[in-house]
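# Architecture and fold: a report
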Amino acid sequence: YSDQSGPIVGILKQMKETMEGDLASMTKDEEAAKAAFEELVAAKEKEIAANSKAIEDKTARHGDVGVKIEELKADLEDTSASYDEDKK
C-alpha cells in the first residue's frame, strides 16, 4: 500500500489558502461598507435635525403671522369704527 493522500492534502491546503484569502477580502469589504453606512447614517441624522429645526422655525413663524393678522384685523375694525364716527 502506497500513500496516495499527498495530492489530496495539497489540494485541501490550496483550498484553505484560497478560502482564507477570500475571507480576508470579504471582511475588508464588509468593514468598508459598514464605515460607509455609518457615515451615511450620521449625515442623514444631521439632515433630519436640520429639517426638524426648519419645521419648528416655520411653525413658529406661521403662528406669529396668524397673531399679526388677527391684530391687524382688530386694528382695521377699530379704524373703520373711528372713521364711521368721524363721518357722522
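Preceding this section is the structure that the text describes.
The following paragraphs examine the structure supplied in this document.

What counts, and at which threshold
- Residues numbered from 1 in each chain as written.
- Predicted model: local features only at pLDDT ≥ 70, side-chain atom pairs only at ≥ 80, totals over all residues.
- Heavy atoms only, no water.
- Helix = DSSP H or I, 4+ residues; strand = E, 2+ residues; numbered from the N terminus.
- Buried < 20%, exposed > 50% of the residue type's maximum accessible area, 1.4 Å probe, protein only.
- Areas by Shrake-Rupley, 256 points an atom, 1.4 Å probe, with all protein chains shown as cover.
- Patch = residues over 30% accessible without salt bridge, like charges linked within 9 Å, V, L, I, M, F, W, Y side chains within 5 Å.
- Salt bridge = Lys/Arg side-chain N within 4 Å of Asp/Glu carboxyl O.
- Lys, Arg positive; Asp, Glu negative; His and termini not counted.
- Charge placed at Lys NZ, Arg CZ, Asp CG, Glu CD.

With that settled, the discussion passes to the overall build of the chain. Across its full length, the chain carries 1 helix and 0 strands. Along the first, second and third principal axes, the C-alpha set of the chain runs to 130 × 15 × 10 Å. Out of the 88 residues belonging to the chain, those deemed buried represent 0%. Summed over its atoms, the accessible surface of the chain is roughly 8,300 Å², and 60% of this surface lies on carbon and sulfur atoms.

So, about a negative patch on the surface. There is a patch of like negative charges on the surface, built from Asp29, Glu30, Glu31, Glu38 and Glu39. The topology assignment puts Glu39 in helix α1 (residues 6-87). For Glu39, a relative accessible area of 57% gives the class exposed.

Let's shift gears to a nonpolar patch on the surface. A contiguous nonpolar patch, built from Ile8, Ile11, Leu12, Met15 and Met19 and spanning about 510 Å² of accessible area, is present on the exposed surface. Relative to the assigned elements, Leu12 resides in helix α1.

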